[in-house]
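# Commentary on secondary and tertiary structure
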Amino acid sequence: MAKPLIYRPPPRWQLWTAFGGALVIMSISVVIAGIHPEPPPPVESQIPEAVTAILEAVPPPDLPPPEDIDIPPPPPPPEAQPEFREEQPTPPPQPRPKASRPPVAPIKRVGSMSSARAQALFGPKPEYPYEARRQKKTGSGVCVLTVDVASGNVTDVNMSQSTGTPSLDNAATSAFKRWRFRPNSVPAQVRVPITYTLTGASY
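What comes next is a walk through the structure.

What follows is about the overall build of the protein chain. In terms of helices and strands, the protein chain carries 4 helices and 7 strands. Along the protein chain, helices and strands appear, N-terminal first, in the series α-β-α-β-α-β-β-α-β-β-β. Looking at the protein chain residue by residue over its 203 residues, the buried ones come to 18%. Taking as baseline every contact in the protein chain between residues at least 6 positions apart, the subset at least 24 positions apart corresponds to 72%. In the structure as shown, the protein chain presents an accessible area of about 18400 Å², 61% of it carried by carbon and sulfur atoms.

This next bit is on a nonpolar patch on the surface. On the surface, Trp-16, Phe-19 and Leu-23 cluster together to form a nonpolar patch covering roughly 390 Å² of accessible area. Take Trp-16: it is sitting in helix 1 (residues 12-34).

It is worth spelling out the pattern of salt bridges at this point. Scanning the model with the defined rule gives 1 salt bridge in all. A salt bridge links Glu-131 to Arg-134; its shortest N-O distance comes to 2.9 Å. Residue Glu-131 and its partner Arg-134 are both found in helix 3 (residues 130-134); the two are separated by 3 residues, about one turn of the helix. Under the relative-accessibility criterion, Arg-134 is labelled exposed at 52%.

This paragraph deals with the side chain of Thr-165. Mapped onto the fold, Thr-165 is located in the loop between strand 4 (154-161) and helix 4 (166-176). Beyond its immediate stretch of four places on either side in the chain, Thr-165 contacts Lys-137 and Thr-138.

Looking now at the nonpolar core. Residues Cys-143, Leu-145, Phe-176, Phe-181 and Tyr-196 are the most contacted members of the largest nonpolar core, which totals 21 residues. If you list the elements that add at least two residues to this core, you get helix 2 (113-117), strand 3 (139-147), strand 4, helix 4 and strand 6 (189-197). When neighbours within four sequence positions are excluded, Phe-181 is seen to be in contact with Ala-116, Gln-119, Ala-120, Leu-121, Leu-145, Val-147, Ser-151, Gly-152, Val-154 and Val-186.

The tally for this structure, following the rule as stated, stands at 5 aromatic pairs. Plain terms: the ring middles of Phe-176 and Tyr-203 are 5.7 Å apart, the flat faces sit at 80° to each other, and that makes the pair edge-to-face. Placement of the pair is Phe-176 in helix 4 and Tyr-203 in the segment after strand 7 (200-202), with a sequence separation of 27 residues. Taking relative accessible area as the criterion, Phe-176 reaches 0% and is therefore assigned buried. A relative accessible area of 26% places Tyr-203 in the partly exposed class. An aromatic cluster is built from Phe-176, Trp-179, Phe-181 and Tyr-203, whose rings are joined through pairwise contacts.

This part is about the environment of Arg-180. As for its placement among the helices and strands, Arg-180 is situated in strand 5 (residues 180-181). As for Arg-180 and Leu-121, which are separated by 59 residues in sequence, their C-alpha atoms are 5.6 Å apart. Apart from the residues within four sequence positions on either side, Arg-180 is in contact with Ala-120, Leu-121, Phe-122, Gly-152 and Asn-153.

Turning next to unusual backbone geometry. Residues apart from glycine generally show negative phi values, whereas peptide bonds are mostly found in trans. Of note in the backbone geometry, Lys-136 takes a positive phi value of approximately 55° without being a glycine. Relative to the helices and strands, Lys-136 resides in the loop between helix 3 and strand 3. In this structure, Asn-184 takes a positive phi of about 55° despite not being glycine. Here Asn-184 is to be found in the loop between strand 5 and strand 6. The exposure class of Asn-184 is exposed, given its relative accessible area of 60%.

Thresholds, definitions, all that
Residues numbered from 1 in each chain as written. Predicted model: local features only at pLDDT ≥ 70, side-chain atom pairs only at ≥ 80, totals over all residues. Heavy atoms only, no water. Helix = DSSP H or I, 4+ residues; strand = E, 2+ residues; numbered from the N terminus. Buried < 20%, exposed > 50% of the residue type's maximum accessible area, 1.4 Å probe, protein only. Contact = heavy atoms within 4.5 Å. Areas by Shrake-Rupley, 256 points an atom, 1.4 Å probe, with all protein chains shown as cover. Patch = residues over 30% accessible without salt bridge, like charges linked within 9 Å, V, L, I, M, F, W, Y side chains within 5 Å. Salt bridge = Lys/Arg side-chain N within 4 Å of Asp/Glu carboxyl O. Core = buried A, V, L, I, M, F, W, Y, C linked by side-chain atoms within 4.5 Å. Phe/Tyr/Trp six-rings, centres within 6.5 Å; stacked < 30°, edge-to-face > 60°.

That is the geometry; function is a separate question.
Quick look at the structure:
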């Protein structure tokens, strides 16, 4: 048993009628689009006449005469430099300044022991060290005493010539450091020869 159809197609005459109507409408549209109405010719009375414009020349306004401007004079032309310059003679070399020598200290006058002994206020005799006596050490040397002339005190003593034994040199310098002279009576340095024998020191 066949099932009933839900959708039924329309009859064919309706399709041909719709198709024919569409062709008719298209033809009418083409004919109307091909017709172009021509514009009407212009009327002579409506054409405006050409207008001729006459321009009169207007004279320019009176301008004051230009003032005289002081123009600065042009700069002078540069002097022509000579192409070749004369070579200047080379100055002679300057002598180098001589190095200044340090001032030479004045030579101090050294007095002798014979004249200084008379001006001595206090002059202990150098001792003979026990070890040097036991070893029978002897020798001769020279002591130089530095004296403060204003006060007469001995400020320093050194051996300019050693006796050959350090203990004898130390005994001599220790004794002469205690010496004292009259103020302004002896020079700044006093030279004292000293000799050690088995009997003691003599100067």
